[in-house]
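# Descriptive structure summary
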Amino acid sequence: RVKEDGKNHFQFYTPGMNEAQSRKIRLEIGLRRGLKNGEFTVYYQPQFNIHSDELVGVEALLRWEHPEFGNISPAEFIPLAEESGLIVPLGEWVLYEACRQNKAWQEAGYPFIRVAVNVSSRQFQQTSLVEAIRRTLEETGLDPQYLELELTESIIQDSKHAISMMNNLKAMGVHLSIDDFGTGYSSLSYLKLFPIDSLKIDRSFTSNIFADTKDMALVSTIIAMAHNLELKVIAEGVETQEQLQFLQQGLCNEAQGYLFSRPISPEEIAVIFDDKAAVLPQ
Ligand code: C2E
Ligand code: MG
Ligand code: MG
Ligand code: MG
């Protein structure tokens, strides 16, 4: 059965399809159109060195303003983009946009910072990713040392492929970090095999530092382990002054979270550059 959905395309419904299933299909169909029509934007969440208070980087985070459903969370649409394969062109678009924006900040005279881009495991499976990154850096003119790729432990499924991809990316000069560290079910031995620069402590640990003594122990242990392996460590999801102090005392290097700032537009990042003191909690 075909039913006009009020827009300029048709939507398929089958009897018994529930609202959630129908929403999922409409979002899946919408992804491709959204990319073409400029419905996606990139927000940036600041990352600070928690000892010098310097702004050292920003994480690029996708935002989707759906014409019918409004703002859709990446937690909902990224899995759909992965399923349909659209994550590959979408991921290339974010990468380009983040590199272009970082170069624009540099050319505007702001201090040089890294931009971190999330790479899904589906993108990482494709050898062509290396070439896409090389091309993006060339086209935008961004120096590779100002690009960081955030990878999750799920890429480790095929460790031979992962190591060779990472070596190619490192040879280019980009930074590599492991995102959501500690939430995957992977063995720690990959840490000595992979040419990575930093670990990002997952928000689920950070937010529970004072709620669960085991999470507190895990955070301290991750920091110590990272340093012993000569990796930098960054905590995500820092929301309170107490959490920040704990991380500072534990010698965590960097942090991002609502305590400092939510993900914001490029224009709002420029305001932080212009007046950094105003946003840092004292
Ligand atoms: P992530 O890479 O772990 O990004 C951090 C998420 O935590 C972001 O959610 C951010 O807004 C949120 N966050 C940061 N600080 C705090 C805090 O203090 N408290 C709380 N409650 N949340 C905080 P967001 O933007 O909704 O993104 C969710 C996930 O979607 C990301 O998790 C990432 O896995 C994925 N994602 C977002 N953009 C992209 C993208 O361009 N490509 C890919 N492959 N995945 C993306
Ligand atoms: Mg991330
Ligand atoms: Mg993360
Ligand atoms: Mg996370």
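Residues numbered from 1 in each chain as written. Chains lettered and ligands numbered in written order. Predicted model: local features only at pLDDT ≥ 70, side-chain atom pairs only at ≥ 80, totals over all residues. Heavy atoms only, no water.

The protein chain is annotated in an unreviewed UniProt entry as EAL domain-containing protein from Fictibacillus marinisediminis.

### A look at the site of ligand 1
Near ligand 1 lie 21 residues; those nearest to it are Arg63, Asn118, Asp179, Glu239 and Tyr258. In the model, an oxygen atom of ligand 1 is placed 2.9 Å from a nitrogen or oxygen of the Arg63 side chain. One nitrogen or oxygen atom from the side chain of Asp179 is found 2.9 Å from an oxygen atom belonging to ligand 1. Computed on the free molecule, ligand 1 has an accessible area of 800 Å², of which 84% lies beneath the protein chains in the complex. Taken atom by atom, the bulk of ligand 1 overlaps the largest pocket. No other element matches the four residues that strand S4 (residues 55-66) contributes to the shell around ligand 1. Split into classes, the residues belonging to the shell around ligand 1 amount to eight nonpolar, five polar and eight charged. (Near = heavy atom within 4 Å. Polar contact = N/O pair within 3.5 Å; in protein donor to acceptor, adjacent residues only side chain to side chain. Areas by Shrake-Rupley, 256 points an atom, 1.4 Å probe, with all protein chains shown as cover. 1 Å grid on protein atoms, 1.4 Å probe; cavity = no way out; pocket = protein on both sides within 12 Å on 5 of 7 lines; lining within 4 Å. Sits in = over half its atoms within 2 Å of the grid points. Helix = DSSP H or I, 4+ residues; strand = E, 2+ residues; numbered from the N terminus. Nonpolar A, V, L, I, M, F, W, Y, C, P; charged D, E, K, R; others polar.)

### Quick look at the environment of Leu193
Position of Leu193 relative to the elements: it lies in helix H7 (residues 190-193). Spatially, the C-alpha atom of Leu193 lies 9.8 Å from that of Lys160, the residues being 33 residues apart in sequence.

### Considering the side chain of Arg114
Checked against the element boundaries, Arg114 lands in strand S6 (residues 114-118). Within the structure, the side chain of Arg114 is placed 3.1 Å from the side chain of Glu254, a separation counted as a polar contact. Not counting chain neighbours up to four residues away, the residues in contact with Arg114 comprise Gln47, Val56, Gly57, Val58, Asn102, Gln145, Tyr146, Glu148, His175, Lys232 and Glu254. (Contact = heavy atoms within 4.5 Å.)

### Here's the deal with the coordination of the magnesium ion (ligand 3)
Surrounding the magnesium ion (ligand 3) are the protein donor atoms Asp179 (OD), Asp180 (OD) and Glu236 (OE), at 2.0 to 2.5 Å. In primary sequence terms, the donor set of the magnesium ion (ligand 3) follows D-D-x55-E. The magnesium ion (ligand 2) is placed at 3.6 Å from the magnesium ion (ligand 3), the two being bridged by Asp179. In this pair, Asp180 sits in strand S8 (residues 175-181) while Glu236 sits in the loop between strand S10 (232-235) and helix H10 (241-249), placing the two residues 56 residues apart along the sequence. For Asp180, a relative accessible area of 25% puts it in the partly exposed group. (Donors = N, O, S within 2.8 Å, 3.2 Å for Na, K, Ca; no water. Buried < 20%, exposed > 50% of the residue type's maximum accessible area, 1.4 Å probe, protein only.)

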